[in-house]
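Here are the chains, one letter per residue:
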Amino acid sequence: MKSAHDLVADARARIHEVELNAAEAAIRDADVLLDVREAEEFHAGHIPGAVNIPRGLLEFRLSATPELSSRDLKIVLYCKTSGRAALAACALQDMGYLQVQSIAGGFDAWSTAGKTVATPSLPTFE
């Protein structure tokens, strides 16, 4: 029986992970940047320009969104530390997407490196 760690290790062996120092260039070249974390995580802070589609909804949302249906889309994925993104990248490859990359280290590595983080502002209600 495989553990979650085993599944992530298997996924990482099948996908292309972009090192943090190359992530900004990969994002600029991408058609879409997907944050596969949960909505609460996304709203606490995310990479600018990212679209949030939680891992558990990914296949369904991509199948139901015509703008994301082209299998030639250049997609960059990330999550908190890169495990969910690796699993998501495998799922996208299984769906036939041809240009999928994941950011090694995920959002934690991005923010720890001092890279720009977007945080939504809430109204003050004053």
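As the structure is a prediction and not an experimental result, all values here were calculated from the model.

(A) Structural detail: the overall build of the chain. Tallying secondary structure elements over the chain gives six helices and five strands in all. Put simply, the chain runs from its N terminus to its C terminus through helices and strands in the order α-β-α-β-α-β-α-β-α-β-α. A compact globule built from 126 residues would reach a C-alpha radius of gyration of about 14 Å, and the chain, at 15 Å, matches this within 12%. Its C-alpha atoms put the chain at 55 × 35 × 30 Å along the principal axes. Residues counted as buried form 38% of the 126 residues belonging to the chain. Residue pairs in contact within the chain that sit at least 24 positions apart in sequence constitute 70% of those at least 6 positions apart. Summed over all atoms, the accessible surface of the chain reaches about 7,000 Å², with 55% contributed by carbon and sulfur. Charge separation in the chain, taken as the distance between the mean sites of 12 positive and 17 negative side-chain charges, equals 3 Å.

(B) Region of the structure containing the pairing of strand 2 (residues 32-35). Both faces of strand 2 are covered, namely the face carrying Val-32 and Leu-34 and the face carrying Leu-33 and Asp-35. Where strand 2 and strand 3 (residues 51-52) come together, two bridges link them in parallel fashion. Residue pairing across strands places Asp-35 opposite Asn-52, the latter belonging to strand 3. Tracing the backbone out of strand 2, into helix 3 (residues 39-44) and back to the parallel element strand 3 gives a crossover that is right-handed.

(C) Quick peek at unusual backbone geometry. Here Ser-82, not a glycine, exhibits a phi torsion of approximately 110°, which is positive. Looking at the element boundaries, Ser-82 is found in the loop between strand 4 (74-78) and helix 5 (83-94).

Conventions and cut-offs
- Residues numbered from 1 in each chain as written.
- Predicted model: local features only at pLDDT ≥ 70, side-chain atom pairs only at ≥ 80, totals over all residues.
- Heavy atoms only, no water.
- Helix = DSSP H or I, 4+ residues; strand = E, 2+ residues; numbered from the N terminus.
- Rg over C-alpha atoms; globule rule 2.2 N^0.38 Å.
- Buried < 20%, exposed > 50% of the residue type's maximum accessible area, 1.4 Å probe, protein only.
- Contact = heavy atoms within 4.5 Å.
- Areas by Shrake-Rupley, 256 points an atom, 1.4 Å probe, with all protein chains shown as cover.
- Lys, Arg positive; Asp, Glu negative; His and termini not counted.
- Charge placed at Lys NZ, Arg CZ, Asp CG, Glu CD.
- Pairing = 2+ DSSP bridges.
- Right-handed = clockwise from strand over helix to strand, strands pointing away.

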